[in-house]
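Overview (structure and organization)
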Amino acid sequence: MTTTTLIRPDTVSRPREVERLVAGMATSDGAGVKLTRVLTQPLQRRLDPFLMLDAFGTDNPDDYIGGFPDHPHRGFETVTYMIAGRMRHRDNAGHEGLLQNGGVQWMTAGRGIVHSELPEQEEGRMEGFQLWLNLPAKDKMNAPWYRDIQSESIPQFTTPEGVTARVIAGESHGVAGAVQRDATAPLYLDLHFEAGSHFEQALPATHNAFVYVYRGEVGVGADTRVPEQRMAILANAKDSDGVVLHAQQATRALLIAGHPLNEPIAQYGPFVMNSKEEIFQAVQDFQAGKFGA
Ligand code: MN
């Protein structure tokens with residue numbers, strides 16, 4: 001573990017409140033993988049630059065064994081965070097990696113990639129998240145990029161209040177995360193709360209932000225409770241300077257925020273561009289075998 005003890009506390013004096021709670025939608029994707037789509041297409045504008053958040057968590061191999069065979073992406077980044085289980089990634093740009101307990105895979109599809117994400121286990125628990133982060137128009141046709149971040153390489157720290165923060169992206173309490181992005185400035189924290197602890201995170205008021213609770217329960221601001229398996233969209237009050245999260249019981253939650261791109265969003269399945277014309281082009285290029293070549 002990259003554990004830092006010298007931290008600079010984030011202090012928040014005008015915390016954000018919850019704008020709304022979202023339950024997500026049970027669905028399946030790939031070859032029959034059961035998951036909950038927490039951030040769905042109707043929320044893409046509101047939560048710009050984030051396009052999707054899927055949560056998966058099951059002890060039943062029938063729910064995950066099919067995995068995600070070869071499929072394309074263009075125009076954005078996929079960030080997969082594995083809480084439990086093992087998943088093998090292969091793509092046609094020549095990358096291969098094993099994603100496992102506590103690790104992150106950060107893939108920039110850019111101008112196009114074809115990859116598979118397949119379970120490397122036939123039994124046991126599979127749990128984690130896949131977040132889709134948009135790319136600015138100017139970067140959508142960049143070359144694909146890929147990085148496996150093993151669990152021990154994710155910076156983390158524990159506050160005196162008893163919260164352990166794993167900093168996947170962005171910065172918290174003076175600790176820089178594993179990945180930084182200029183245009184969208186994503187913050188991606190996995191927070192583990194001891195019972196009776198709280199956590200303050202500074203956030204620019206213009207950044208769109210949400211919390212997803214995957215164990216326990218979080219209290220936000222004055223009195224909103226966010227139960228397990230719910231996403232709370234945090235309001236962007238103009239004078240706010242961050243968020244304060246409380247936990248009365250042992251709790252785990254993701255805190256995700258980013259700078260909105262404010263560009264048109266055109267999505268067709270695994271392609272996310274700025275216009276219909278660019279989507280037609282993506283489909284044509286994929287069918288012509290031009291991805292990842
Ligand atoms: Mn994929």
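Above: the structure in question.
To keep things clear, this report deals only with the structure shown in the data block. Bear in mind that the values here come from a model prediction, so they are computed numbers and not experimental data.

Rules and cut-offs
- Residues numbered from 1 in each chain as written.
- Predicted model: local features only at pLDDT ≥ 70, side-chain atom pairs only at ≥ 80, totals over all residues.
- Heavy atoms only, no water.
- Helix = DSSP H or I, 4+ residues; strand = E, 2+ residues; numbered from the N terminus.
- Buried < 20%, exposed > 50% of the residue type's maximum accessible area, 1.4 Å probe, protein only.
- Contact = heavy atoms within 4.5 Å.
- Areas by Shrake-Rupley, 256 points an atom, 1.4 Å probe, with all protein chains shown as cover.
- Lys, Arg positive; Asp, Glu negative; His and termini not counted.
- Charge placed at Lys NZ, Arg CZ, Asp CG, Glu CD.
- Core = buried A, V, L, I, M, F, W, Y, C linked by side-chain atoms within 4.5 Å.
- Donors = N, O, S within 2.8 Å, 3.2 Å for Na, K, Ca; no water.
- Pairing = 2+ DSSP bridges.
- Axes fitted to C-alpha atoms, helices over the stretch in contact; angles between N-to-C directions.
- Salt bridge = Lys/Arg side-chain N within 4 Å of Asp/Glu carboxyl O.
- Phe/Tyr/Trp six-rings, centres within 6.5 Å; stacked < 30°, edge-to-face > 60°.
- Lys NZ or Arg CZ within 6 Å of the ring centre and 35° of its normal.
- Polar contact = N/O pair within 3.5 Å; in protein donor to acceptor, adjacent residues only side chain to side chain.

1. Points about the overall build of the protein
Scanning the protein from terminus to terminus reveals one helix and 27 strands. By principal-axis analysis of the C-alpha atoms, the protein measures approximately 55 × 45 × 35 Å. Counting the 293 residues in the protein, one finds 55% classified as buried. Taking as baseline every contact in the protein between residues at least 6 positions apart, the subset at least 24 positions apart corresponds to 74%. Element-wise, carbon and sulfur atoms account for 49% of the exposed surface of the protein, whose accessible area totals about 12500 Å². Taken as two groups, the 26 positive and 36 negative side-chain charges of the protein have centres that lie 4 Å from each other.

2. Brief notes about the environment of Asp 62
Position of Asp 62 among the secondary structure elements: in the loop between β5 (50-58) and β6 (68-73). Placed 60 residues apart in sequence, Asp 62 and Glu 122 show a C-alpha to C-alpha distance of 9.2 Å.

3. Concerning the nonpolar core
Ranked by size, the top nonpolar core spans 30 residues in total, and within it Phe 129, Tyr 188, Phe 210, Tyr 212 and Met 231 carry the most contacts. The next biggest cluster of nonpolar side chains, apart from the first, holds 27 residues, and it includes Leu 189, Val 218, Val 226 and Ala 257.

4. Considering the coordination of the manganese ion
The protein atoms donating to the manganese ion are His 71 (NE2), His 73 (NE2), His 115 (NE2) and Glu 117 (OE), with metal-donor distances spanning 2.2 to 2.6 Å. Read N to C, the donor residues that coordinate the manganese ion are spaced as H-x1-H-x41-H-x1-E. Take His 71 and His 73: they sit in the same class, and that class is buried.

5. Side note on the sheet that holds strand β21 (residues 218-220)
Strand order in the open sheet formed by four strands is β19-β24-β21-β22, with antiparallel pairing between adjacent strands. Among the strands making up the open sheet, the edge pair consists of β19 (197-202) and β22 (224-226). Neighbouring strand axes in the sheet, compared pairwise and without regard to direction, differ in orientation by 25° on average.

6. A look at the sheet that holds strand β13 (residues 145-149)
Hydrogen bonding along the main chain pairs the strands of a sheet, whether they run parallel or antiparallel. Strand order across the open sheet formed by seven strands is β3-β4-β5-β12-β7-β10-β13, with antiparallel pairing between neighbours. Each of the sheet's edge strands pairs with one partner strand only, and the pair in question is β3 (25-29) and β13. Adjacent strand axes in the sheet meet at a mean angle of 20°, parallel and antiparallel pairs treated alike.

7. Observations concerning the environment of Glu 278
Looking at where Glu 278 falls in the secondary structure, it is placed in helix α1 (residues 276-287). A relative accessible area of 30% means that Glu 278 is categorised as partly exposed. Taking the C-alpha atoms as reference, Glu 278 lies 35 Å from Gln 229; in sequence the two are 49 residues apart.

8. A short note on the pattern of salt bridges
Using the criterion set out here, one finds 17 salt bridges in the structure. The salt bridge partner of Asp 63 is Lys 34, with a shortest N-O separation of 3.5 Å. With Asp 63 in the loop between β5 and β6 and Lys 34 in strand β4 (residues 33-39), this residue pair connects regions lying 29 residues apart in the sequence. Take Asp 63: its relative accessible area is 13%, and that puts it in the buried class. Of the charged contacts in the structure, one is a salt bridge between Glu 120 and Arg 88, with a shortest N-O distance of 2.8 Å. With Glu 120 in the loop between β11 (113-119) and β12 (126-134) and Arg 88 in strand β8 (residues 86-91), the pair connects residues that are 32 residues apart, well separated along the chain. Owing to a relative accessible area of 30%, Glu 120 belongs among the partly exposed residues under this scheme.

9. So, the packing of aromatic side chains
Here a ring pair, both rings aromatic, is described through the centre-centre distance and the interplanar angle of the planes. Scanning the entire structure with this criterion turns up nine aromatic pairs. Ring geometry for Phe 50 and Phe 210: centres 5.8 Å apart, planes at 85°, overall edge-to-face. Here Phe 210 lies in strand β20 (residues 208-215) and Phe 50 lies in strand β5, a separation of 160 residues in the sequence. Of the two residues, Phe 50 and Phe 210, neither departs from the other in class, the shared state being buried. Over the ring of Trp 145 we find Arg 181, and its NZ or CZ is 5.0 Å from the ring centre.

10. Here we look at unusual backbone geometry
Here the residue pair Asp 48 and Pro 49 is connected by a cis peptide bond, since its omega of 15° sits within 30 degrees of zero. Structurally, the position occupied by Pro 49 is in the loop between β4 and β5. Backbone geometry at Ala 185 places phi at a positive 40°, although glycine is not the residue there. The phi angle at Gln 229 is positive, at roughly 65°, despite the residue not being glycine. Owing to a relative accessible area of 49%, Gln 229 belongs among the partly exposed residues under this scheme.

11. Points about the pairing of strand β24 (residues 242-247)
The two faces of a sheet get side chains in turn, since along a regular strand they alternate between them. With five of six residues buried, β24 lies mostly within the body of the structure. In this structure, β19 lies alongside β24, joined through six bridges in antiparallel fashion. Bridge pairing links His 198 to His 246 in β24. In this sheet, β24 lies alongside β21 in antiparallel orientation, the contact comprising two bridges.

12. Side note on the side chain of Gln 201
As for its placement among the helices and strands, Gln 201 is situated in strand β19. Within the structure, Gln 201 has its side chain in polar contact with the side chain of Ser 172 (distance 2.6 Å). Ignoring sequence-local partners within four residues, the contact set of Gln 201 consists of Asp 10, Val 12, Glu 171, Ser 172, His 173, Leu 187, Leu 189, Asp 241, Gly 242, Val 243 and Leu 255.

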